[in-house]
Amino acid sequence: MTQTVVAERGSKQAADNTAIRPFHVNVPETELTELRRRINATRWPERETVTDATQGVQLATTQALARYWGTEYDWRKIEAKMNALPNFITEIDGLEIHFIHVRSKHENALPLIVTHGWPGSIIEQMKIIDPLTNPTAHGGKASDAFDVVIPSMPGYGFSGRPTTTGWDPTHIARAWTVLMKRLGYTKFVAQGGDWGSLITELMGVQAPPELLGIHINMPGAVPAEIDKAASTGAPMPDGLSSEEKLAIERLTFVYSKGIAYGYQMGLRPQTLYGIADSPVGLAAYFLDHDAWSYALISRVFAGEAAGLTRDDVLDNITIAWLTNTAISGARL
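Because the structure is predicted, anything quoted here is derived from the model rather than measured.

Conventions and cut-offs
Residues numbered from 1 in each chain as written. Predicted model: local features only at pLDDT ≥ 70, side-chain atom pairs only at ≥ 80, totals over all residues. Heavy atoms only, no water. Helix = DSSP H or I, 4+ residues; strand = E, 2+ residues; numbered from the N terminus. Rg over C-alpha atoms; globule rule 2.2 N^0.38 Å. Buried < 20%, exposed > 50% of the residue type's maximum accessible area, 1.4 Å probe, protein only. Lys, Arg positive; Asp, Glu negative; His and termini not counted. Charge placed at Lys NZ, Arg CZ, Asp CG, Glu CD. Axes fitted to C-alpha atoms, helices over the stretch in contact; angles between N-to-C directions. Parallel < 35°, antiparallel > 145°, perpendicular 65-115°, else oblique. Left-handed = near helix turned anticlockwise from the far one by under 90°. Contact = heavy atoms within 4.5 Å. Nonpolar A, V, L, I, M, F, W, Y, C, P; charged D, E, K, R; others polar. Pairing = 2+ DSSP bridges. Salt bridge = Lys/Arg side-chain N within 4 Å of Asp/Glu carboxyl O. Core = buried A, V, L, I, M, F, W, Y, C linked by side-chain atoms within 4.5 Å. Expected span 1.5 Å × (residues − 1). Phe/Tyr/Trp six-rings, centres within 6.5 Å; stacked < 30°, edge-to-face > 60°. Lys NZ or Arg CZ within 6 Å of the ring centre and 35° of its normal.

### A short note on the overall build of the protein chain
Line of reasoning, step 1. Within the protein chain, the regular secondary structure consists of 14 helices and nine strands.
Line of reasoning, step 2. Computed over the C-alpha atoms, the radius of gyration of the protein chain is 21 Å, within 12% of the 20 Å expected from 2.2 N^0.38 for a compact globule of 332 residues.
Line of reasoning, step 3. For the protein chain, the proportion of its 332 residues judged to be buried stands at 47%.
Line of reasoning, step 4. For the protein chain, the distance from the average site of its 29 positive side-chain charges to the average site of its 36 negative ones is 4 Å.

Here's what the structure looks like:
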């Protein structure tokens, strides 16, 4: 949380730190005014010296994003959507954990905990809540229903920011099991993407008896020797199929050019003061994490349809700005 009040946490914290307390998002208007002021006061560099994105997020894309963010974007829309859902806070291992918890109207719904990634937030998963909790309204059956729990990872969004080391994916995986049991679930499943994929996979490794199964979008399917070769430039083994070669080419690209941000955050996260001080700096950093998603996002700000809307992109960036979690999220 920032030093200014960006959320209301219901009544005073109960004496029992494990209590589950209601949570309500309420960003002061002064915070939004200051955000727009900072966006509109951005000091711009010159345009990149190439005609593509090989030097990073292009000036035209960033300026289009800033124009919309600083003049038309309305945070109150996503704030209202968040507040229309049941939000809660509870303390686990000395850290406050924020989460959305929506119970299905259908009996015997399967409890599911869904974990976001970087640069992400609970906002990414809000669109899946109704199809999962209310499947009969989306062409499904009552037996398809889930109770959905979506936590903000430690250091992200409205969860607390760790003040010591130790909140790694293994720790978070254990905390999620604590959370689900605290909600009264004796059986549940888990899903995750990006960091959420690793956390969910570690939940499977930890194998708490309550966990029935997992679903992830980044399975650890690359053999260790292939992964090492892709990351070091060592020769690849013979006899690879065309699909395997293509997969290795993409993996090599990720290691060589696609995760510079990851090396910086992994080694020197505290140095990234610029993304905590400049909204446009934060936005550019968030946009530059993946070549394929950047291509889609840049199309959106050029006026084309690409699946996501401008608000989808900026909602996710703005929650990180308003909660001042750019650096705490980077430390993971």
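### Here's the deal with the packing of helix α5 (residues 169-182) against helix α6 (residues 195-206)
Line of reasoning, step 1. For the pair α5 and α6, interaxial distance at closest approach is 8 Å and the crossing angle is 70°. In this view, α5 runs roughly perpendicular relative to α6, as classed from their interaxial angle. Considering only the axes of α5 and α6, their crossing is right-handed. Here P169, T170, I172, A173, R174, W176 and T177 of α5 come into contact with α6, specifically with W195, L198, I199, L202, M203 and Q206.
Line of reasoning, step 2. Grouping the amino acids of the contact of α5 with α6 by side-chain chemistry returns nine nonpolar, three polar and one charged.

### Focus: the packing of helix α7 (residues 224-232) against helix α8 (residues 242-258)
Line of reasoning, step 1. Two elements in contact, α7 and α8, have axes whose closest approach is 8 Å; the angle formed by their N-to-C orientations is 50°. As summarised for this structure, α7 and α8 are arranged oblique, according to the angle between their axes. Crossing geometry of α7 relative to α8 is assigned as right-handed. Here I226, D227, A230 and S231 of α7 come into contact with α8, specifically with I248, L251, T252 and Y255.

### Structural notes on the pairing of strand β5 (residues 95-102)
Line of reasoning, step 1. Of all eight residues in β5, eight are buried; the element is thus mostly enclosed.
Line of reasoning, step 2. Burial of the side chains of β5 extends over both faces: L95, I97, F99 and H101 are buried on one face and E96, H98, I100 and V102 on the other.
Line of reasoning, step 3. Direction of pairing for strand β4 (residues 87-92) relative to β5: antiparallel, over a ladder of six bridges. Within β5, the residue paired with F88 across the bridge is F99.

### Considerations on the pattern of salt bridges
Line of reasoning, step 1. Following the criterion strictly, the structure yields twelve salt bridges and no others.
Line of reasoning, step 2. Linking E34 and R38 is a salt bridge whose minimum nitrogen-to-oxygen distance equals 2.9 Å. Of this pair, E34 and R38 both sit in helix α1 (residues 29-40), separated by four residues, roughly a single helical turn.
Line of reasoning, step 3. Under the relative-accessibility criterion, E34 is labelled partly exposed at 30%.
Line of reasoning, step 4. Between K127 and D312 there is a salt bridge; the shortest N-O distance is 3.0 Å. Of this pair, K127 sits in helix α4 (residues 126-133) while D312 sits in helix α13 (residues 310-322), placing them 185 residues apart in sequence.
Line of reasoning, step 5. Each member of the salt-bridge network shares a partner with another, and the members are E29, R36, R76 and E79.

### Looking at the nonpolar core
Nonpolar side chains in soluble globular proteins tend to end up buried together.
Line of reasoning, step 1. Ranked by internal contacts, the top residues of the largest apolar core, which has 78 residues, are W69, W75, M82, I113, W176 and I317.
Line of reasoning, step 2. If one sorts the elements of this core by residue count, α13 sits on top with seven residues.
Line of reasoning, step 3. Setting aside residues no more than four positions away along its own chain, M82 makes contact with V25, W75, N87, I122, I123, M126, F158 and I319.

### Let's talk about the sheet that holds β5
Line of reasoning, step 1. Pairing in this open sheet of seven strands is mixed, and the strands run β2-β4-β5-β7-β6-β8-β9 from one edge to the other. In this open sheet, the two strands that pair with only one neighbour each are β2 (21-22) and β9 (211-216).
Line of reasoning, step 2. Sitting on the sheet, α6 touches β6 (110-115), β8 (188-192) and β9, and the angle it makes with β9 is about 150°.

### Quick look at helix α2 (residues 59-71)
Line of reasoning, step 1. Taking 1.5 Å as the rise per residue, α2 with 13 residues should run 18 Å; its terminal C-alpha atoms sit 18 Å apart, in good agreement.
Line of reasoning, step 2. Every buried residue of α2 is listed here: L59, T61, T62, A64, L65, A66, Y68, W69 and G70.
Line of reasoning, step 3. Residues of α2 that are buried sit in contact with α1, α11 (279-287), α12 (291-301) and α13.

### Section: the packing of aromatic side chains
Line of reasoning, step 1. One pass over the full model with this rule turns up six aromatic pairs.
Line of reasoning, step 2. For the ring pair F23 and F158, a centre distance of 5.1 Å and an interplane angle of 50° mean the geometry is tilted. Here F23, found in the loop between β2 and β3 (24-25), pairs with F158, found in the loop between β7 (146-151) and α5; they are 135 residues apart in sequence, far enough to count as distant. Here the two residues F23 and F158 agree in accessibility, since each one is buried.
Line of reasoning, step 3. Between the aromatic rings of W118 and Y285, the centroid separation amounts to 6.3 Å while the plane-to-plane angle is 80°, which identifies the pairing as edge-to-face. Placement of the pair is W118 in the loop between β6 and α4 and Y285 in helix α11, with a sequence separation of 167 residues.
Line of reasoning, step 4. On the accessibility criterion, W118 (7% relative accessible area) is buried.
Line of reasoning, step 5. Residue class for Y285 comes out buried when judged on its relative accessible area of 17%.
Line of reasoning, step 6. Cluster of aromatic residues (ring-pair linked, three or more members): W118, Y261, Y285 and F286.
Line of reasoning, step 7. The aromatic ring of Y68 is capped on one face by R310, whose charged end is 3.8 Å from the ring centroid.

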